[in-house]
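# Chains, contacts and geometry: an overview
So you can see what is in the structure, the chains are spelled out below.
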Amino acid sequence: MTLSLDRRLFLGLAGAAALMPMRGRAATPFAFQASWINDAEFAGYFLAADNGYYTAEGLDLTYLSGGPDVIPESTLITGRADLTLTTPDTTIKAITEQGAPFKIIGAQYQKNPLGIVSLAKAPINEPKDLIGKTLAVPPVNVISVEAMLAANGITRNQLTIVPYAYDPTPLIRGEIDASVDFTTNVPYTIKLAGEEATSFLLYDHGYTVFNDTVVVTEDVLASRRGELVAFLRASRKGWEENLVDPAKYPPTWADTWFAGTGREIDNEVFFNTAQKPLIEAEGGIFAMSEDAIAANIEALAKVGIAATRDHFDTTLLEEI
Amino acid sequence: MAIRAILALALWELVGRLALVAGGALPAPSAIAIRFWADRGDYPMHVWATMQGAGIGFLIGNLVAVLAGVLFAVSPVAARLARGVNIAIFALPAIAIAPILTLMTTGMTPRVILAALGCYFVTMTATVTGITQADARMRDVIRAYGGGRLASLRLVELRSAVPQILGALRIAAPAAVLGSILAEFGGGGRFGLGAYLIGSLGRADPARLWGIGLAATVLAGVGYAVFAMIAARVTASTVAVTVAATPPAGDAPRPLWQRAALAAGSVLLPFAVWWGLIAASGAPAMIAKTPMALVDYLMLPNKAGERILDALAQTLPITAVGIALGLGFAFALALGSVLRPGIVRAFMPVALVTQTMPLVALTPLLVLIFGRGPSVILWITVSVTFFPAFVTMAQGLQMVARSALDVPRAYGASPWTVLRLVSIPASAPYVFAALRLAVPRALLGVMTAEWLATGTGLGNLLNQSRGYLDYGMIWTVAVLSVLLSVFFYQVVVWIERRVLARLGMTTAA
């Protein structure tokens, strides 16, 4: 009932019939929960859906948008989605501490785009610069930041950590000294507001973990393996095509995928361009090399998250 | 009035243009209007989505409320049994249950539920009041002609309740809009003013945040105006605008054991409802916690208890201070309004905006002005508790009998003396009514501020637990905040009964 309401809304208001899940003959329903609102972070999936790559693989895709308050893993547990994108630290913490039945079957970002963003006129260039400063951190990323601080020999009480609500205004106004955000995105906004931003990745300072890890429940992994491989294959195809020219596709989604987000298309092009080196992988998009997995396990161990090789399943990637 | 509004706008424009507040984070009205015009293509779909959630919730919530009101008016036992549930619904801080709703349900459902919850209490109490205050002589007429309870209900009582119910619908309409928006923050839908606001937070564009906030205010205001108009047409009579804060008592002298059984039932019923809903939802046990599962969770060696106590130690004192300040300010202004009625009119627009402007939009601005210390929590708490308390107390002061005021005046007393001797003592029931209204709102304000600004206390614990998928903690904080609200409510009621009994007064709605 709720789904039909949403669809009517799409039709009546956005006039975006193209957004309707593609209905192939005998296509299998497959629900994908994104980890954020519709922006360039999901360009590969938008392209794959628009070009019918999922339909060609026999999937009837339902795309669920995320947002700051959507915890993607929760939709897997309630069975609302078959597959989602997560931050590996929270996912593995949920596995080890609460026995959540998750498996990581791929990684969109080989390098986590999360970074410390500050203004160029008062730059924070490395972790040590944070000492004595005020850093705004989204509550979900507090563990990631603690990991990075620990890797650099900084204790938490050497700086002030306040909540970050994804609003760069406090940074621009100088109320905080730095924030933790996607370096692929927020520098554009800051520039638009008339300031210059500088940033460094947590990844480059000891927090060597993936982001937007592709996560499923063990149940789905066992019962829908074929569809999962099909999803990965179609999505990889969408991503590869999108990254050939990051400026090409975002403008075509202005009235469909990006309708009503209140963000400029230029911003999405900036994002899409900036994320290219973080996504591309030697083993193909979503790859998880043994070295990278080992680096993840090592980094997470520093904050007491006992990740093991078992939490990552690379066998589906081999089947693409 | 028009001149005053223009003056206020001009002042705001000046403040915005010169970037006087928070380094320009308070945009000028013209900047907001320009931004709004640029964004005009975005608004229809978001406004429509919010109206859908609010509208469906409004219908369901009020339907249930009227049915429940009739039941409680007819059956005092049912009223007594449901007292616990009613207080819990009245007191539950939406911020605490929104995350649970968005975990357990999907799509429009969380919006509809929060909107419906926002409507229920006001309309239910109005229905009960309307029915019980029906003209006894008209009831007698029905009875004399052999009409039964149902005939009396249909022909007299429900009709006499119509003005009361319409009055409640005026208040329920904006409440439904706010409920829907609140659920949109966490609901993950693409459309709705709340979703738009969240999506726009990252834009560093205060003019848009204000535009969205004002659009929400207008939507809530239109809801109020529509039902105010209908009420005026239908009844042509005035009804108090105060928000009821008392569930139907439904008492008659009963043997002690019966009273004890009803009281116990009333306490247990909310827990039974909680348990039943979880069983009915069929949600997995990892996410949906029953009361027993929470007890188990707290027994785990995960320091949950310690973290909760730490958070409480941060949240409770500041909540108490916030209530005291909010009520003190409201009381002072209510007294001032007796001496100078113009004050009320001047303050109303500001107060209305602080009521309907989503806190998520207002908080970043307040952070820029007041920083991230305890003062920002206090400001937010005062801003959410002040308005309803002020309206309630100002009305109480205005309802003091003319003849009582005339006595000291005739003896040449100054306005201050009249206030001290008559108005202030007479307003006692309204102070308590305001206090009952303020408690759950204060907790809502403190938790929102902690969540968004300071990163301390219960609000932060709730937010962080969501990030860590710590479902046991999410439920614990939600349940705890409801229990706290109910507990304080009961404490206020207890004190109120004793004080008013000494003063020879009765409880105000």
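Residues numbered from 1 in each chain as written. Chains lettered and ligands numbered in written order. Predicted model: local features only at pLDDT ≥ 70, side-chain atom pairs only at ≥ 80, totals over all residues. Heavy atoms only, no water.

What follows deals with the domain arrangement of chain A. Residue and element names in this part refer to chain A. Domain annotation for chain A reports domain 1 (2-111 + 209-319) and domain 2 (114-205). Between domain 1 and domain 2, the C-alpha centre-to-centre distance is 25 Å. Every contact between the two is made by 25 residues of domain 1 and, on the other side, 21 residues of domain 2. Approximately 1800 Å² of surface area, both sides summed, lies buried where domain 1 meets domain 2, with 69% of it carried by carbon and sulfur atoms. The largest per-residue losses of area from domain 1 upon contact with domain 2 belong to Lys111, Phe270 and Val303, which jointly make up 25% of the total buried on that side. (Domains from an automatic or database assignment. Contact = heavy atoms within 4.5 Å. Buried area = accessible area lost by both parts, 1.4 Å probe.)

Bringing the pairing of strand β8 (residues 178-182) of chain A into the picture now. Residues and elements named next belong to chain A. In terms of burial, β8 is largely enclosed, as five of its five residues are buried. Alignment of strand β5 (residues 114-119) against β8, held across four bridges, turns out to be antiparallel. Paired with Leu114 across the bridge in β8 is Phe182. Note that strand β6 (residues 134-137) and β8 share two bridges and pair parallel. Note on β8: the bridge partner recorded for Ala136 is Ser179. (Buried < 20%, exposed > 50% of the residue type's maximum accessible area, 1.4 Å probe, protein only. Helix = DSSP H or I, 4+ residues; strand = E, 2+ residues; numbered from the N terminus. Pairing = 2+ DSSP bridges.)

A few words now on a nonpolar patch on the surface. Residue and element names in this part refer to chain B. On the surface, Val162, Val218, Val222, Val226, Ile230 and Val234 cluster together into a nonpolar patch covering about 440 Å² of accessible area. Considering each element in turn, the nonpolar patch owes the most residues, five residues, to helix α11 (residues 206-235). Structurally, the position occupied by Val218 is in helix α11. (Patch = residues over 30% accessible without salt bridge, like charges linked within 9 Å, V, L, I, M, F, W, Y side chains within 5 Å. Areas by Shrake-Rupley, 256 points an atom, 1.4 Å probe, with all protein chains shown as cover. Salt bridge = Lys/Arg side-chain N within 4 Å of Asp/Glu carboxyl O.)

Applying the stated criterion to the full structure yields 24 salt bridges over all chains. The salt bridge involving Arg372 of chain B is made with Glu175 of chain A; its shortest N-O contact spans 3.0 Å. Of this pair, Arg372 of chain B sits in the loop between α16 (359-370) and α17 (374-398) while Glu175 of chain A sits in the loop between α7 (169-172) and β8, on two different chains. Residue classification places Arg372 of chain B among the buried residues on the basis of a relative accessible area of 18%. Salt-bridge contacts for Arg225 of chain A lead to Glu319 of chain A; the nearest nitrogen and oxygen are separated by 2.7 Å. Taken together, the positions of Arg225 of chain A in helix α10 (residues 225-244) and Glu319 of chain A in helix α13 (residues 315-319) put the pair 94 residues apart, joining distant regions of the chain. A relative accessible area of 26% means that Arg225 of chain A is categorised as partly exposed.

All names here are of chain A. The element β5 is extensively covered by neighbouring structure, given that six of its six residues are classed as buried. Side-chain alternation along β5 places Leu114, Ile116 and Ser118 on one buried face and Gly115, Val117 and Leu119 on a second face that is also buried. Alignment of β5 against strand β9 (residues 197-201), held across five bridges, turns out to be antiparallel. Paired with Ile116 across the strands is Phe200, a residue of β9.

Our next topic: the sheet that holds strand β1 (residues 28-33) of chain A. All names here are of chain A. Strand order in the open sheet formed by five strands is β2-β1-β3-β10-β4, and the pairing between neighbours is mixed. Whereas interior strands pair on both sides, the edge strands pair on one side only; in this sheet they are β2 (59-64) and β4 (102-109). With strand direction ignored, the average angle separating the axes of adjacent strands in the sheet is 25 degrees. Alignment of strand β3 (residues 83-86) against strand β10 (residues 211-217), held across three bridges, turns out to be antiparallel. Its bridge partner being in β10, Thr84 is matched across the sheet by Val215. Of the strands in this sheet, β1, β2, β3, β4 and β10 are in contact with α10, which crosses β1 at around 60 degrees. (Axes fitted to C-alpha atoms, helices over the stretch in contact; angles between N-to-C directions.)

Looking now at the sheet that holds β5 of chain A. Residue and element names in this part refer to chain A. Strands sit in the order β7-β6-β8-β5-β9 across an open sheet of five strands; the sheet is mixed. Where the open sheet ends on each side, the last strands, each with one partner, are β7 (160-163) and β9. On average, adjacent strands in this sheet sit at an angle of 35 degrees to one another, irrespective of strand direction. By the bridge criterion, four bridges tie β6 to β7 in an arrangement that is parallel. Looking across to β7, one finds that Leu135 is bridged to Ile161. In this fold helix α6 (residues 142-151) packs onto β5, β6, β7 and β8, with an angle of close to 140 degrees to the strand it touches most, β6.

All right, on to the packing of α10 of chain A against helix α11 (residues 265-279) of chain A then. All names here are of chain A. Here α10 crosses α11 at 125 degrees, and the two axes come no closer than 10 Å. Of the possible angle classes, the one that applies to α10 and α11 is oblique. In this structure, the crossing between α10 and α11 has a hand that is left-handed. Between α10 and α11, the residues in contact are Trp239, Asn242, Leu243 and Val244 and Asn272, Gln275, Lys276 and Ile279, respectively. For the contact of α10 with α11, the per-class residue count stands at four nonpolar, three polar and one charged. (Parallel < 35°, antiparallel > 145°, perpendicular 65-115°, else oblique. Left-handed = near helix turned anticlockwise from the far one by under 90°. Nonpolar A, V, L, I, M, F, W, Y, C, P; charged D, E, K, R; others polar.)

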